[in-house]
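Structural overview for review
Next come the chains, spelled out residue by residue.
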Amino acid sequence: MTTTLWRHAACAAALIASMAAVSCGGASTPRATPEEAKRFLDDVDQTLKRLGLAQGQAGWVAQTYITVDTEALDARATQQIIEAVARFAKEATRFDGLEVPTDQRRQLDLLKLSLVMVTPEDPAEAEELTKIATGLRSTYGRGKWCPEAGEAEGCLNIDDITRIMAESRSERELRRAWEGWHTISPPMRGDYARFVELSNTGARELGFADTGAMWRAKYDMAPDAFTKELDRLWDQVRPLYIKLHAYVRLKLHEKYGAAVPETGPLPAHLLGNIWAQDWSNVYPLVAPASADVGFSLTDILKRRKMDAMQMVRAGERFYTSVGLEPLPATFWERSLFVRPRDREVVCHASAWSIDLESDVRIKMCIQPTEEDFTTIHHELGHNFYQRAYQALPVLFRDSANDGFHEAIGDTIALSVTPEYLVRIGLLDKAPDTSRDIGLLMGRALEKVAFLPFGLLIDQWRWQVFAGDVAPADYNKAWWALRLKYQGVAPPSARGDEFFDPGAKYHVPDNTPYTRYFLAAILQFQFHRALSQAAGCTTPLHRCSVYESRDAGQRLNAMLSMGLSRPWPEALEALTGTREMDASAILDYFAPLDRWLDEQLQGKTTGW
Ligand SMILES: [Zn+2]
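The rules we used
Residues numbered from 1 in each chain as written. Predicted model: local features only at pLDDT ≥ 70, side-chain atom pairs only at ≥ 80, totals over all residues. Heavy atoms only, no water. Helix = DSSP H or I, 4+ residues; strand = E, 2+ residues; numbered from the N terminus. Contact = heavy atoms within 4.5 Å. Lys, Arg positive; Asp, Glu negative; His and termini not counted. Charge placed at Lys NZ, Arg CZ, Asp CG, Glu CD. Buried < 20%, exposed > 50% of the residue type's maximum accessible area, 1.4 Å probe, protein only. Pairing = 2+ DSSP bridges. Axes fitted to C-alpha atoms, helices over the stretch in contact; angles between N-to-C directions. Parallel < 35°, antiparallel > 145°, perpendicular 65-115°, else oblique. Left-handed = near helix turned anticlockwise from the far one by under 90°. Bend = angle between axes of the 7 residues up to and from the residue. Donors = N, O, S within 2.8 Å, 3.2 Å for Na, K, Ca; no water. Phe/Tyr/Trp six-rings, centres within 6.5 Å; stacked < 30°, edge-to-face > 60°. Lys NZ or Arg CZ within 6 Å of the ring centre and 35° of its normal. Core = buried A, V, L, I, M, F, W, Y, C linked by side-chain atoms within 4.5 Å. Polar contact = N/O pair within 3.5 Å; in protein donor to acceptor, adjacent residues only side chain to side chain. Salt bridge = Lys/Arg side-chain N within 4 Å of Asp/Glu carboxyl O.

On a plain count of helices and strands, the protein comes out with 24 helices and four strands. Of the contacts made within the protein by residues no fewer than 6 positions apart, 76% connect residues no fewer than 24 positions apart. Counting 68 positive and 81 negative side-chain charges, the protein places the centres of these two groups 2 Å from one another.

Written as structure tokens, this is what we have:
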């Protein structure tokens with residue numbers, strides 16, 4: 001079974017690293033018995049349910065009623081659950097090598113994989129690591145660029161920078177904002193190097209070669225095999241990315257002249273996003289002629305005066321139309337749908353399962369826009385997933401791998417097609433296929449442009465955690481990967497006095513990133529499989545699985561497995577195959593791919 005694959009791999013890696021503290025194979029404590037393992041897991045289940053509920057409640061009020069006190073309660077509840085998991089993870093090593101039923105073995109293994117960062121046994125080192133991790137996070141959170149040195153007034157935070165990157169068409173202004181934002185991270189570099197050392201110490205105490213190997217071990221396969229798997233997926237979509245890259249370069253050259261070379265990499269500051277990870281904002285500069293879709297869902301929602309509740313009801317109806325149970329009454333009573341007038345809230349859309357069972361909610365400040373209508377479908381995907389696996393042991397109440405949760409919401413959002421809008425009575429007639437290129441170009445600038453970025457963040461971190469890149473070379477290695485995968489280059493020389501990875505939230509926040517790459521691949525694979533189950537015969541980008549019970553059955557079969565089985569089995573339940581496959585992206589964008597070929601005739605591609 002693949003469940004044990006990664007364990008062997010983790011042990012092998014640990015042995016190579018001569019970690020005396022690890023117990024592999026028969027070397028576990030002789031006193032541990034299967035009965036003790038069972039008792040231990042029961043205790044874990046009860047404790048995590050209790051602490052999980054406390055964390056859910058504290059987190060909810062902290063985000064929907066922001067005060068210093070709710071923030072403190074939230075921090076305390078989070079700290080408690082992290083400490084409990086860390087303690088359990090270390091205790092679980094007692095049962096390494098012990099014969100126990102498969103689902104118990106999986107829970108024991110998952111415990112050791114559920115933390116992103118493991119603090120070392122040594123209390124002084126543990127405290128130092130926790131302090132550095134919090135410090136990195138808050139350095140990013142407080143990050144501001146002050147264009148007038150020494151003047152607090154007029155300083156720009158990430159929201160301001162994001163707006164400039166999205167809206168400005170002045171090369172000079174964009175370069176200044178880009179360079180400005182990247183001044184927040186050099187102070188993180190020394191701390192990050194120490195963070196790497198200490199978190200690796202913790203990971204080794206759990207039996208992993210380093211923190212990166214620990215992250216890769218989450219995927220039910222040997223860490224090296226997983227790396228190869230990612231390369232294979234990237235190779236499938238790379239040709240499409242290269243065409244999109246070449247076409248965008250062509251159009252940006254028309255706009256910006258010499259600032260965008262006709263061959264070579266794209267300048268990182270001219271793609272509408274501070275990290276060049278989503279190019280949607282340059283759509284007006286690259287829009288295909290006469291490809292306007294001819295209607296605006298935002299206008300329709302406004303004209304019909306659809307309120308937030310009605311929009312969420314429409315989203316729920318999508319899921320019930322494929323056969324899933326309606327949401328519980330508490331969802332409607334306890335969710336936050338509109339921005340309250342009397343208090344501060346975190347409006348960023350999110351889906352919650354407060355008690356890890358049926359108390360599911362969304363938190364959104366809904367506006368009558370196309371974007372929010374799609375986001376509702378996405379967020380509800382998380383809620384329906386959470387509810388589908390609510391009866392499993394608490395360690396299995398998660399998606400099959402961390403890419404699956406995001407992928408489900410996005411899969412359903414792909415079904416929000418013009419045809420779907422016609423079926424639910426929001427649109428009279430779907431635009432004809434002559435408009436498809438515009439629709440697909442918009443999607444590609446978001447989804448295809450993201451792929452290499454989604455991949456490279458952890459490629460960099462894995463090298464760093466493994467010690468293959470020394471602190472003095474952090475920035476050099478970062479730009480080597482950005483050039484290799486994304487084909488982008490910085491607007492000016494970036495020496496090692498900079499720490500450009502630190503200007504991306506997920507690095508100082510220490511959030512693994514490969515999940516977003518996987519989600520970007522999987523959502524198209526899921527969409528293709530569900531569309532086939534629904535008997536859809538139109539081009540893939542026009543398929544919606546609305547009202548298909550067959551698609552709903554496939555979906556639910558996978559959702560209800562949670563994390564209880566290795567992800568290839570969950571994938572098989574939905575798609576009929578155990579292999580991730582990026583070819584669905586090529587199917588989806590096939591008309592755009594052909595169109596790009598025409599536009600690029602006689603032009604240079606690649607960099
Ligand atoms: Zn999401």
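Resuming the write-up.
Moving on to the pairing of strand β2 (residues 350-353). The side-chain alternation of β2 yields two buried faces, one formed by S350 and W352 and the other by A351 and S353. Bridge count for β2 against strand β3 (residues 360-363) is four bridges, and the pairing is antiparallel. Within β3, the position partnered with A351 by the bridge is I362. Between β2 and β3, which follow one another and run antiparallel, lie six residues, and L356 among them has a positive phi close to 65 degrees.

This part takes up the packing of helix α20 (residues 514-533) against helix α21 (residues 549-559). Remark: α20 packs on α21, axes separated minimally by 7 Å, with the N-to-C direction vectors making an angle of 135 degrees. Classified by the angle their axes make, α20 and α21 are oblique. With respect to the hand of their crossing, α20 and α21 are arranged in right-handed fashion. Counting all contacts with α20, which are made through F526, L530 and A533, the residues of α21 involved are D550, A551, R554, L555 and M558.

Where helix α16 (residues 402-414) bends most, the angle comes to about 25 degrees, and this point is I408. The buried count for α16 comes to twelve of 13 residues, which makes it a mostly enclosed element. Those residues of α16 not exposed but buried are D402, G403, F404, H405, A407, I408, G409, D410, T411, I412, A413 and L414.

Only H378 (NE2), H382 (NE2) and E406 (OE) from the protein reach the zinc ion as donors, at distances of 2.1 to 2.3 Å. Given the relative accessible area of 8%, H382 is considered buried.

One pass over the structure, following the stated rule, counts 39 aromatic pairs. Seen from their ring centres, W460 and W478 are 5.9 Å apart, and the 85 degrees between their planes marks the pair as edge-to-face. On the criterion of sequence distance, the pair formed by W460 in helix α18 (residues 436-465) and W478 in helix α19 (residues 474-486) is long-range, its members being 18 residues apart. Chaining the aromatic ring pairs together yields one cluster made of Y192, F195, W460, Y474, W478 and F499. Directly above the ring of W462 sits R216, whose terminal nitrogen or CZ lies 4.8 Å from the centroid. Over the ring of W332 we find R313; its NZ or CZ atom is 3.7 Å from the centre of that ring.

On to the nonpolar core. Ranked by internal contacts, the top residues of the largest apolar core, which has 179 residues, are Y192, F195, W279, F373, F404, W460 and F589. Here this core gets 17 residues from one element, more than from any other, and that element is α18. Among all residues touching F404, those that are not within four sequence positions of it are Y385, S399, L522, F526, M558, W567, A570 and L571. In terms of nonpolar packing, the next biggest core, distinct from the first, is built from seven residues, W60, V345, W352 and I354 among them.

A few words now on the side chain of D458. Note on placement: D458 falls in helix α18. A polar side-chain atom of D458 sits 2.7 Å from a polar atom in the side chain of R461. Side-chain polar atoms of D458 contact the side chain of T514, separated by 2.7 Å. The contacts of D458, once residues within four sequence positions are left out, are W215, P512, Y513 and T514.

Summed over the entire model, instances satisfying the criterion amount to 35 salt bridges. Of the charged contacts, one joins D587 and R528 as a salt bridge, the two residues approaching to 2.7 Å between their closest N and O atoms. A residue pair is termed long-range when its members are at least 10 positions apart, and D587 in helix α23 (residues 583-588) and R528 in helix α20 qualify at 59 residues. Salt bridges sharing common partners tie together E128, R194 and E197.

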